[in-house]
Amino acid sequence: MTDRSNTPPLRAVRIAAKCPICEKPGTVQFRPFCSKRCANVDLGRWLKEGYRVATDEAPAEDEGEGAEPGSTRQTG
Ligand SMILES: [Zn+2]
(Lines give C-alpha, C1' and ligand atoms only; values in the text may rest on other atoms or scores of the structure.)
Protein backbone atom coordinates (compact mmCIF):
# COMPACT_ATOMS: atom_id res chain seq x y z
CA MET A 1 0.00 0.00 0.00
CA THR A 2 1.21 3.47 -0.73
CA ASP A 3 0.00 6.46 1.18
CA ARG A 4 2.28 8.91 -0.56
CA SER A 5 0.07 9.36 -3.63
CA ASN A 6 -2.74 10.28 -1.28
CA THR A 7 -1.00 13.48 -0.22
CA PRO A 8 -1.70 16.51 -2.39
CA PRO A 9 1.17 18.89 -3.24
CA LEU A 10 0.15 21.54 -0.76
CA ARG A 11 3.47 23.34 -1.01
CA ALA A 12 3.26 23.89 -4.74
CA VAL A 13 -0.34 25.04 -4.52
CA ARG A 14 0.37 27.53 -1.80
CA ILE A 15 3.21 29.12 -3.69
CA ALA A 16 1.33 29.32 -6.95
CA ALA A 17 -1.79 30.69 -5.33
CA LYS A 18 -0.03 33.65 -3.81
CA CYS A 19 -1.06 37.00 -5.19
CA PRO A 20 2.11 38.72 -6.48
CA ILE A 21 0.52 42.12 -5.95
CA CYS A 22 -0.73 42.07 -2.38
CA GLU A 23 0.61 38.64 -1.41
CA LYS A 24 -2.83 37.44 -0.42
CA PRO A 25 -4.06 33.92 -1.14
CA GLY A 26 -5.18 33.98 -4.74
CA THR A 27 -8.44 32.67 -6.09
CA VAL A 28 -8.98 30.05 -8.74
CA GLN A 29 -10.72 32.54 -11.00
CA PHE A 30 -7.97 35.13 -10.98
CA ARG A 31 -5.00 33.06 -9.98
CA PRO A 32 -2.37 33.63 -9.21
CA PHE A 33 -4.00 36.89 -8.24
CA CYS A 34 -6.53 37.27 -5.43
CA SER A 35 -8.94 39.45 -7.37
CA LYS A 36 -9.51 41.03 -10.76
CA ARG A 37 -8.16 44.31 -9.49
CA CYS A 38 -4.79 42.82 -8.67
CA ALA A 39 -4.74 41.05 -12.01
CA ASN A 40 -5.33 44.36 -13.75
CA VAL A 41 -2.54 45.99 -11.80
CA ASP A 42 -0.08 43.41 -13.03
CA LEU A 43 -1.44 43.63 -16.55
CA GLY A 44 -1.12 47.40 -16.50
CA ARG A 45 2.52 47.13 -15.55
CA TRP A 46 3.13 44.75 -18.38
CA LEU A 47 1.45 46.96 -20.95
CA LYS A 48 3.22 50.06 -19.71
CA GLU A 49 6.62 48.45 -19.90
CA GLY A 50 5.98 46.96 -23.31
CA TYR A 51 4.64 50.25 -24.63
CA ARG A 52 7.60 52.17 -23.33
CA VAL A 53 10.12 49.84 -24.86
CA ALA A 54 8.32 49.74 -28.18
CA THR A 55 8.13 53.51 -28.49
CA ASP A 56 11.65 53.98 -27.27
CA GLU A 57 13.08 51.71 -29.92
CA ALA A 58 11.08 53.18 -32.79
CA PRO A 59 11.23 56.98 -32.70
CA ALA A 60 8.62 58.77 -34.78
CA GLU A 61 11.20 61.26 -35.97
CA ASP A 62 12.78 58.69 -38.21
CA GLU A 63 9.55 58.27 -40.12
CA GLY A 64 8.92 61.97 -40.54
CA GLU A 65 12.18 62.46 -42.39
CA GLY A 66 11.76 61.93 -46.11
CA ALA A 67 8.10 61.14 -45.69
CA GLU A 68 7.05 64.18 -47.73
CA PRO A 69 6.86 63.44 -51.44
CA GLY A 70 8.60 65.80 -53.87
CA SER A 71 10.13 68.04 -51.26
CA THR A 72 13.58 69.52 -51.56
CA ARG A 73 15.43 70.05 -48.42
CA GLN A 74 17.55 73.16 -48.29
CA THR A 75 20.01 73.34 -45.54
CA GLY A 76 22.59 75.97 -44.89
ZN1 LIG B 1 -4.05 40.65 -4.62
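Not measured: the values here are computed from a predicted model.

Draft legend 1. Local environment of the overall build of the chain. Broken down by element type, the chain carries three helices and zero strands. Counted over contacts in the chain with a minimum sequence separation of 6, partners at least 24 positions apart contribute 0%.

Draft legend 2. Region of interest: the nonpolar core. C19, F33, C34, C38 and A39 form the largest nonpolar core, which has five residues in total. Sequence-distant contacts of C38, defined by excluding residues within four places in its chain, comprise C19, I21, C22 and F33.

Draft legend 3. Region of the structure containing the environment of P25. Structurally, the position occupied by P25 is in the loop between α1 (10–16) and α2 (36–57). Distance from P25 to S35, taken between C-alpha atoms, is 9.7 Å for residues 10 residues apart in sequence. The residues contacting P25, other than those within four sequence positions of it, are A17, K18 and C34.

Draft legend 4. View of unusual backbone geometry. Looking along the chain, the bond that leaves R31 and enters P32 is cis, with omega of 0°. Although it is not a glycine, E23 adopts a positive phi angle of roughly 65°. One can find E23 in the loop between α1 and α2.

Draft legend 5. Quick look at the environment of T27. Here T27 shows up in the loop between α1 and α2. Sequence-wise, T27 and A17 are 10 residues apart; in three dimensions their C-alpha atoms are separated by 7.0 Å.

Draft legend 6. The arrangement of the confidence of the model for the chain in detail. In this model, the chain carries an average pLDDT of 73, and 47% of its residues clear a pLDDT of 70 or more. Per-element averaging of pLDDT across the chain places α1 at the bottom with 53 and α2 at the top with 80.

Conventions used here
- Residues numbered from 1 in each chain as written.
- Predicted model: local features only at pLDDT ≥ 70, side-chain atom pairs only at ≥ 80, totals over all residues.
- Helix = DSSP H or I, 4+ residues; strand = E, 2+ residues; numbered from the N terminus.
- Contact = placed C-beta atoms within 7 Å.
- Core = buried A, V, L, I, M, F, W, Y, C linked by C-beta atoms within 7 Å.
- Buried ≥ 20, exposed ≤ 12 C-beta atoms within 10 Å, placed from the backbone.
- pLDDT = per-residue confidence, 0-100.

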